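Descriptive analysis of the structure
What follows is the residue order along each chain.
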Amino acid sequence: MMEKNKTTENKGIDLKEFFGLLCDSRNWKTSFEHLILKARKDLIFDNLVIYQTDFETGSLEVVYAKSTGRGRSAEADASWGDMLASRVLEENKLICEEPQQNNMENRLDSAYLLGIPLLAVENLPGVLVFIRFGGPSFCDEDLSHAHTLAGFTTLLLRQKILHETTAKIREIQASSQLQSDFINTISHELRSPLGFIKGYATTLLRTDTKWDQETQNEFLGIIERETNNLTDLIDDLLDSSRLQSGQMKFEFNPLRLDSLIRDEVTRIRLTNPTLKVELDFEGNIPAICGDARKLAQVFDNLLSNAVKYAPDTLIKISLSRQNDLLKIDFSDEGPGIPEVYLPRIFSRFFRVPEQSMKAHGSGLGLYICKQIIEKHEGTLSVSTSSSGTTFTIGLPINLAGMPGIKIKEIENGG
Ligand code: ADP
């Protein structure tokens, strides 16, 4: 049988357990805490600090500091290791530092330090520093355990860097996706109405042709419609930028959603007289606190979307109470939204490619709706299938809890 090397035997850290931690190291600090809890069975220390070269500044930064007692604060004690960490990094080797004299009266004045280089990523080296106040000196066996812990730490740090890099890549991907959605939508939605306006205006201005009144009215009607599309686009752009910068003002007042929705349906019917809408409102719907104009904008957008993307289908709007929430479902029987696009449906400038040529839009409507609902501390979600789409809004009934509202008595009457 092979004889075990006593100095490298690892009592504390179990490999199987470590790989479990490594696989589940979304929160690398929690994994590291587990690791040092085990490591302390083999290696006694008061403080431990991990330094890592900062990607942007290139200087050594403390990414983790742990104080295991004696009334010290880990952050304050991190400074103990600063000088040693720089030396370890420079010389790229394990270094032990001991005080000239061991002050037996105040152990905190006698720091025994051990620093080990960490090579988590080639160009971002780090250092692991152990501190013992009042000794004893680090022996060979300690150094061996420190090496083992440094190896595990390196792997955890790599995992951390991997997670951070993945998150950054996702952010960059999302921002470049946003840019391309923006360019696609804006270029199309600006060009197309401008093209119509210019074309029909030029036609009307031609001196070599006379247009009868009916034709002139038809052309002017198209110019007016396309100008409205441009105005809507600019309004959406302004709203979205105000919402993003937090500059959109909200006026919260008690309001009744049933009458707000009824008014919106009546309004949209003026321009779409054949619209089929079925209302299913529970009796005795309590008032809520909200910004009536902004909520009307949400209902208007959802209704207009149903008109645009699910034309001539029955739109059902239900309003019910669920504990402390009012729940509103807007359903249509249109073609639905392909599942693959659902994660982006509330993103700015996103339009389902297959539908974007069929109707005008900025791809900002649902983003604006979601922001408005969230400003009311509510939720907006979507569910869809090939037989229709349902947008569900949840709004809290808590009247007194809304910002800037002082209400003594809430009336529930209709
Ligand atoms: P738009 O200005 O394009 O209408 P929205 O943000 O309101 O922007 O909607 C984003 C996209 O979601 C739309 O372009 C459309 O593709 C899709 N969509 C919205 N509502 C519906 C619906 N009721 N049925 C099918 N698709 C919808």
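Residues numbered from 1 in each chain as written. Predicted model: local features only at pLDDT ≥ 70, side-chain atom pairs only at ≥ 80, totals over all residues. Heavy atoms only, no water.

Re the sheet that holds strand β11 (residues 379–385)
Heads up, the condition is: Here, any two strands with at least 2 DSSP bridges between them count as paired. Only DSSP runs of H or I covering at least 4 residues are called helices, and only runs of E covering at least 2 are called strands; the numbering of each starts at the N terminus. Between N-to-C directions, angles cover 0 to 180 degrees, with each direction set by a line fitted to C-alpha atoms, over the stretch in contact for helices.
Taken in spatial order, the five strands line up as β7-β9-β10-β12-β11 in an open sheet, and their pairing is mixed. Each edge of the sheet is formed by a strand with only one pairing partner; in this case those strands are β7 (277–281) and β11. Averaged over neighbouring strand pairs, the angle between their axes works out to 15° when direction is ignored. Both strand β9 (residues 315–322) and strand β10 (residues 325–332) contribute to a ladder of seven bridges, which runs antiparallel. What sits directly across from Ile317, in β10, is Phe330.

Considerations on unusual backbone geometry
The residue after Gly135, namely Pro136, is reached through a cis peptide bond having omega 0°. Within the element layout of this structure, Pro136 appears in the loop between β5 (124–133) and α4 (140–205). At Asn284, a residue that is not glycine, the phi angle is positive and equals roughly 55°. Relative to the helices and strands, Asn284 resides in the loop between β7 and β8 (288–290).

Looking at the site of the ligand
Which entries qualify depends on this criterion: The nearness test applies per residue and asks whether one of its heavy atoms lies within 4 Å of the molecule or strand. Under this definition, polar contacts are N or O atom pairs within 3.5 Å; protein pairs additionally need one hydrogen-donor-capable and one acceptor-capable atom, and for neighbouring residues in sequence, both atoms have to be side-chain atoms. Each accessible area is a Shrake-Rupley estimate made with a 1.4 Å probe; only the visible protein chains count as cover when residues are assessed. Residue polarity follows a fixed list, in which Ala, Val, Leu, Ile, Met, Phe, Trp, Tyr, Cys and Pro are nonpolar, Asp, Glu, Lys and Arg are charged, and the others, Gly among them, are polar.
Neighbouring residues of the ligand: 20 residues in total, closest Tyr309, Arg351, Gln355, Ser362 and Leu366. Backbone polar atom of Gly363 to an oxygen atom of the ligand: 3.1 Å apart, as the coordinates give it. At 2.7 Å from an oxygen atom of the ligand is found a main-chain nitrogen or oxygen belonging to Leu366. About the coverage of the ligand: the protein hides 98% of its 530 Å² of free accessible area. Counting only elements with at least two residues in the shell around the ligand, the list comes to α7 (292–309), α9 (365–375) and β12 (388–396). Of the residues assigned to the shell around the ligand, the class counts are eight nonpolar, nine polar and three charged.

Some remarks on a nonpolar patch on the surface
How we decide: Patch building starts from residues that exceed 30% relative accessible area and form no salt bridge, then joins like charges within 9 Å and nonpolar side chains (Val, Leu, Ile, Met, Phe, Trp, Tyr) within 5 Å. Each salt bridge in this description consists of a side-chain nitrogen of Lys or Arg and a carboxyl oxygen of Asp or Glu lying within 4 Å of one another.
Taken together, Leu15, Phe19 and Leu155 make up a surface patch of nonpolar side chains, about 270 Å² in accessible area. Looking at the secondary structure, you find Leu15 in helix α1 (residues 15–23).

Here we look at the nonpolar core
Heads up, the condition is: Side-chain atoms within 4.5 Å are what join buried Ala, Val, Leu, Ile, Met, Phe, Trp, Tyr and Cys residues into a set we call a nonpolar core. Between buried and exposed lies partly exposed: a residue is buried under 20% and exposed over 50% of the maximum accessible area for its type, with that area taken using a 1.4 Å probe on protein chains only. Residue contacts are counted whenever heavy atoms from the two residues lie within 4.5 Å of one another.
Counting 50 residues, the largest nonpolar core has Leu257, Leu295, Phe299, Ile317, Ile328, Phe330 and Ile393 as its most contacted members. Apart from residues no more than four positions distant in its own chain, Phe299 is found in contact with Leu257, Leu260, Ile261, Glu264, Ile328, Phe330 and Ile393. Counting residues in hydrophobic clusters, the runner-up holds 26 residues, among them Phe32, Tyr112, Ala150 and Leu157.

Let's talk about the confidence of the model for the chain
Detailed reading of the predicted model is not advised wherever pLDDT is low. The test is simple: Confidence scores per residue from the predictor, reported as pLDDT, run from 0 to 100.
Per-residue pLDDT for the chain averages 86, and the proportion of residues at 70 or more is 87%. Put simply, α1 is where the chain has its lowest mean pLDDT, 71, and β12 is where it has its highest, 97. Across residues 1–10, confidence stays below pLDDT 50; counting only partners more than four residues off in sequence or on other chains, it has 11 contacts. Scored below 50 in pLDDT, residues 406–414 makes 13 contacts in the model with residues more than four places away or belonging to other chains.

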